[in-house]
Amino acid sequence: MSKRIDKILVMSSSPTPDGVAQSENAGDGSPMIELSDVAFGYTKARQILSGVTLSVPKGKLVAVMGGSGCGKTTILRLLCGQHAATSGRVKVSGKNIDEMSRDELFSHRRRLGMLFQFGALFTDMTVFENVAFPIREHTDLPEPVLHDLVLMKLNAVGLRGAAHLKPSELSGGMARRVALARTIALDPELVLYDEPFAGLDPISLSIVGQLIRKLNDALGMTSILVTHDIMESLKIVDYIYFIADGKVVAHGDVQTIRQSSDPFVKQFVNGEPDGPVRFHYPAKPLADAFSAGRV
Amino acid sequence: MSAILGWFAGIGERTRGAIARLGFASRFFVAVVKASGSTFTRPRLLIRELYHAGVLSLVIVLMSGLFVGMVLALQGYETLVRFGATEAMGVLVALSLVRELGPVVAGLLFASRAGSAITAEIGLMKTTEQLAAMEVMAVNPIARVVAPRFWAGVISLPFLAALFSTLGIYGGYLVAVKLIGIDGGAFWGQMQAAVDWRYDVMNGVIKSVVFAFAVSLIAVLEGYDATPTAEGVSAATTRTVVTSALAILAIDFVLTVFMFRGSVNG
Ligand SMILES: Nc1ncnc2c1ncn2[C@@H]1O[C@H](COP(=O)(O)OP(=O)(O)OP(=O)(O)O)[C@@H](O)[C@H]1O
Ligand SMILES: [Mg+2]
């Protein structure tokens, strides 16, 4: 524990906006996360994922992108063991998550940080207590150390001054950043970010992007970043997966994606309305749905 | 014919549902008890909930107790005066409160004041993924959120019931002695002579403890099991109040049957 704290103490708390720090300790390249042919549906009637295969090497920052409702959050939920895959394997550090015992799942989650899409801040606690929560629950740090640690995390997201506020007094983007500070409070080895950029202004967005990259490299984290922000992703991530119709439809490192001629990737990168990605949730043709169509 | 069959099937379905629910409640109860260690080793969690469930319910419970006692005395006088037994007023007020009204009415008030609040709070924490967030942080939400609220309810209600009875007796005294003019010595003296500590008071305490377990379990269960939407939480809150009320009255009947001796001061 103390070693990891030293590490973060060394880390500068105000990320520099220029250039991306390249991985100093990019890990040994063995996969931290492996999904092979994973299928999942919340109900039997509707499959959300049908055969997703992807892998994230240790120490890398990987983006998962795809249209709204394509199942990105669902993938993260499988990774933290909130739901079990209907078929296929979800492996973390070589261990199948469905076969983990209670204790193993506990220690997996202990090493995991998850930024929820909607923040999930504890509404009955202040910002400070929210960030302190995982530290209090899992360590016996003396109060002064804990205090400094929490303020440091808040400082990293620019919200040290908001420590005394309640979540109800925060703006959407501030809440996002507090949730981010809480997610990284214990310097997890594996971090899952569900839309960390949602609701951030361009300046905070770029700072948070740099922070995610820096954390990943300085602490040797492995990170999965779910986002719609393709431009920011291209700046900071190592590798990108595109999900559509319950499958991985394209993937590659930043260079490959930039130069890709894949219609899906092109549509996504350029934000074109027409292409393989559907904007609409599956439905009957419009003419059938409108009452006028039946006349 | 098929309508009758359907009717029976409906009853069967509902009975099965009710039994399944009871089974779920008992498993949940076991889970809560198993996860209760930290509630008592980290008193800060418990104290916060004791304040919310217990202290914040004080005003309504004390006020209601006072009024119920005063009404008891007024109504009791009407009856007692016909038999020339108005000096038994103290006994009437005290026994009604200690054995019956204290635990039952305090339980009903507690369910609607604190029970509904507990359900709504836990339900909203579920809706906003706070419980899921805890789970993912390797913190058991049953230990961290449910157990402290459960035990706070279990501890608070017996005290609230006792305070309800105390204020009720005082209200009865105000009306009987100060307003109507019954002899104060007779009021207190008869009460002391007729109310048995072990039989009357302890039975009342037992009732309030049983109600406390029932209401607290219903409140945390409904919150934890709520459908994670706004309607889901509102339905769960309503269910807490309705189920608690029915549970209190049904359990009260059963307990009273077992405690019934059929003799006076036997
Ligand atoms: N708890 C749930 N119960 C049933 N269906 C769900 C549930 N959560 C999500 N879904 C369905 O699963 C699909 C995928 O949801 P998911 O939240 O993974 O999408 P997403 O890719 O994260 O989308 P977005 O980018 O909008 O957050 C959606 O179509 C949704 O209807
Ligand atoms: Mg999502």
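All figures in this text were calculated on a predicted structure; none of them were measured in a lab. Every chain is numbered on its own, with residues counted from 1 as its sequence reads. Chain labels run from A onward and ligand labels from 1 onward, assigned in the order the entries are written. At least 70 in pLDDT is required for a residue's local features to be given in this predicted model, at least 80 for side-chain atom pairs to be given and counted, and no such filter applies to totals for whole chains, interfaces and linings, which use all residues. Based on all heavy atoms of the structure, the side-chain values leave hydrogens and waters out of the count.

A. Examining the interface of chain B and chain A more closely. Opposite the 16 residues of chain B that make contact, chain A presents 21 residues. Once two parts are brought into contact, the accessible area they lose, counted with a 1.4 Å probe and summed over both, makes up the buried area. Summed over both sides, the interface between chain B and chain A buries roughly 1,700 Å², with carbon and sulfur atoms accounting for 56% of that surface. When residues of chain B are sorted by the area they lose upon contact with chain A, Glu129, Val136 and Met137 of chain B head the list and together hold 36% of the total. In the sections that follow, a salt bridge refers to a side-chain nitrogen of Lys or Arg positioned within 4 Å of a carboxyl oxygen of Asp or Glu. Where chain B packs against chain A, one counts four salt bridges. The shortest N-O distance in the salt bridge between Arg42 of chain B and Glu137 of chain A comes to 3.2 Å. Polar contact is the term for a pair of N or O atoms within 3.5 Å; when the atoms are in protein, one must be able to donate a hydrogen and the other to accept it, and sequence-neighboring residues count only if both atoms are side-chain atoms. In this structure, the connection of chain B to chain A is made through seven residue pairs in polar contact (both at pLDDT 80 or more). Here a helix means four or more residues in a row that DSSP labels H or I, a strand means two or more in a row labelled E, and each is numbered from the N terminus. Of all elements in the fold, only α6 (130-136) and α7 (141-180) of chain B reach the threshold of two or more residues within the side of chain B that touches chain A. With six residues, the top contributor of residues to the side of chain B that touches chain A is α6 of chain B. A contact between two residues is defined here by any heavy atoms of the two lying within 4.5 Å.

B. Representation of the pattern of salt bridges. Across all of its chains, the model carries 23 salt bridges over all chains by this definition. Here Glu222 of chain B ties to Arg21 of chain B by a salt bridge, and the two come within 3.4 Å at their closest N and O atoms. Here the residue Glu222 of chain B occupies a position in helix α9 (residues 197-224), and Arg21 of chain B occupies one in helix α1 (residues 2-34), the gap between them amounting to 201 residues. Of the residues examined, Glu222 of chain B reaches a relative accessible area of 5% and is grouped as buried. Classification of Arg21 of chain B by relative accessible area gives partly exposed; the value is 29%. In this structure, Glu121 of chain B and Arg48 of chain B form a salt bridge, with 3.8 Å as the shortest nitrogen-oxygen distance. In this pair, Glu121 of chain B sits in helix α5 (residues 89-127) while Arg48 of chain B sits in helix α3 (residues 43-53), placing the two residues 73 residues apart along the sequence. One salt-bridge network, held together by shared partners, links Asp124 of chain A together with Arg48, Glu49, Glu121 and Arg149 of chain B. Three labels apply to residues, based on accessible area from a 1.4 Å probe with only protein chains included: buried if under 20% of the type maximum, exposed if over 50%, partly exposed otherwise in between.

C. View of helix α6 (residues 172-183) of chain A. Expected helix span is given by 1.5 Å per residue-to-residue step, counting one fewer step than there are residues. Between its terminal C-alpha atoms α6 of chain A stretches 16 Å, which fits the 16 Å expected from twelve residues at 1.5 Å a residue. Of all twelve residues that make up α6 of chain A, nine are buried, and the element is covered over most of its length. Turning to α6 of chain A, its buried residues number three or more, namely Gly173, Arg176, Arg177, Val178, Ala179, Leu180, Ala181, Arg182 and Thr183 of chain A. As for α6 of chain A, its buried residues are in contact with β6 (112-115), α4 (127-138), α5 (143-156), β7 (190-194) and α7 (202-218) of chain A together with α6 of chain B.

D. Summary view of the confidence of the model for chain B. Chain-level pLDDT for chain B is 91 on average; 98% of the residues reach the 70-or-more range. Among the scores for the predicted complex, ipTM is 0.78 and pTM is 0.83. Values of pLDDT, which run from 0 to 100, indicate the predictor's confidence residue by residue.

E. Region of the structure containing the environment of Gly161 of chain A. Residues and elements named next belong to chain A. If you trace the backbone, Gly161 turns up in the loop between α5 and α6. A relative accessible area of 65% means that Gly161 is categorised as exposed. Sequence separation between Gly161 and Leu151 is ten residues, and the spatial gap between their C-alpha atoms is 9.0 Å.

F. A look at unusual backbone geometry. One non-glycine residue, Ser93 of chain A, adopts positive backbone phi at about 45°. If you trace the backbone, Ser93 of chain A turns up in the loop between β4 (87-92) and β5 (95-96). Even without being glycine, Ala138 of chain B reaches a positive phi, approximately 65°. Mapped onto the secondary structure, Ala138 of chain B falls in the loop between α6 and α7.

G. Structural detail: the sheet that holds β4 of chain A. Residue and element names in this part refer to chain A. For two strands to be treated as a pair, DSSP must find no fewer than two bridges joining them. Here four strands make up an open sheet; going across it, the order is β2-β1-β4-β5 and the pairing antiparallel. Unpaired on one side and paired on the other, β2 (49-57) and β5 mark the two borders of the sheet. Where strand β1 (residues 31-40) meets β2, seven bridges bridge the pair, whose relative direction is antiparallel. Residue pairing across strands places Val38 opposite Val52, the latter belonging to β2.

H. Summary view of the coordination of the magnesium ion (ligand 2). Residues and elements named next belong to chain A. Only N, O and S atoms count as donors, using a 2.8 Å cut-off from the metal and 3.2 Å for Na, K and Ca, and because water is excluded some sites may appear unfinished. Looking at the magnesium ion (ligand 2), the protein donor atoms are Thr73 (OG1) and Gln117 (OE1), and they sit 1.9 to 2.2 Å from it. Taken together, the residues span a long stretch of sequence, with Thr73 in helix α2 (residues 72-79) and Gln117 in the loop between β6 and α4 at a distance of 44 residues. Overall, Gln117 belongs to the partly exposed group, its relative accessible area being 25%.

I. Representation of the site of ligand 1. Residue and element names in this part refer to chain A. In these notes, residues near a molecule or strand are those with any non-hydrogen atom within 4 Å of it. Of all residues adjacent to ligand 1, which total 15 residues, the nearest are Ser68, Lys72, Thr73, Thr74 and Gln117. In the model, an oxygen atom of ligand 1 is placed 3.4 Å from a nitrogen or oxygen of the Glu195 side chain. Calculation of accessible area relied on Shrake-Rupley with a 1.4 Å probe; when residues are assessed, cover is drawn exclusively from the protein chains displayed. Here ligand 1 loses 69% of its free accessible area of 630 Å² to cover by the protein chains. Note that Gly is not counted as nonpolar here; it falls among the polar residues with everything else outside the nonpolar set of Ala, Val, Leu, Ile, Met, Phe, Trp, Tyr, Cys and Pro and the charged set of Asp, Glu, Lys and Arg. Of the residues that constitute the shell around ligand 1, the class distribution is four nonpolar, seven polar and four charged.

J. Representation of the sheet that holds β7 of chain A. All names here are of chain A. The sheet built from six strands is open, its strands ordered β6-β7-β8-β3-β9-β10 with mixed pairing. Two strands close off the open sheet at either side, each with one partner strand: β6 and β10 (247-253). Direction aside, neighbouring strands of the sheet carry axes that sit 15° apart on average. In the sheet, β6 pairs with β7 via four bridges, with the strands oriented parallel. Across the sheet, Gly113 pairs through a bridge with Val191, a residue of β7. Note on geometry: axes are lines fitted to C-alpha atoms, helical ones only across the stretch in contact, with angles between N-to-C directions running from 0 to 180 degrees.

K. Fine view of the pairing of β1 of chain A. In terms of strand pairing, β1 of chain A meets β4 of chain A through five bridges, oriented antiparallel. By the bridge assignment for β4 of chain A, Ala39 of chain A is matched with Ser87 of chain A.

L. Summary view of the side chain of His138 of chain A. Secondary-structure assignment places His138 of chain A in helix α4. Excluding its chain neighbours within four sequence positions, the residues that come into contact with His138 of chain A are Phe106, Arg110 and Leu186 of chain A together with Met137, Ala138 and Val139 of chain B.

M. Main features of α4 of chain A. Counting buried residues along α4 of chain A, ten of its twelve residues qualify, which places the element largely inside the surrounding structure. If you check which residues of α4 of chain A are buried, you get Val127, Phe128, Asn130, Val131, Ala132, Phe133, Pro134, Ile135, Glu137 and His138 of chain A. Contact partners of the buried residues in α4 of chain A: α3 (102-110), α5 and α6 of chain A together with α6 and α7 of chain B.

N. Examining the packing of aromatic side chains more closely. All names here are of chain A. Stacked, tilted and edge-to-face pairs are distinguished by plane angle, under 30 degrees for stacked and over 60 for edge-to-face with tilted covering the rest, among Phe, Tyr and Trp rings (Trp via its six-membered ring) whose centres lie within 6.5 Å. This model, assessed by the stated rule, comprises 16 aromatic pairs over all chains. Between Phe40 and Tyr42 the ring centres are 5.0 Å apart and the planes differ by 80°, which places this aromatic pair in the edge-to-face class. Judged by relative accessible area, Phe40 falls into the buried class, the value being 5%. Ring plane angle 55° and centroid distance 4.6 Å describe the contact between Phe122 and Phe133, whose orientation is recorded as tilted. In this pair, Phe122 sits in the loop between β6 and α4 while Phe133 sits in helix α4, placing the two residues eleven residues apart along the sequence. Like Phe133, Phe122 is buried. Working rule: Lys NZ or Arg CZ, within 6 Å of ring centre, within 35 degrees of ring normal, means a charge sits over the ring. Above the plane of the ring of Phe122 lies Arg182, whose end atom (NZ or CZ) is 4.6 Å from the centre.

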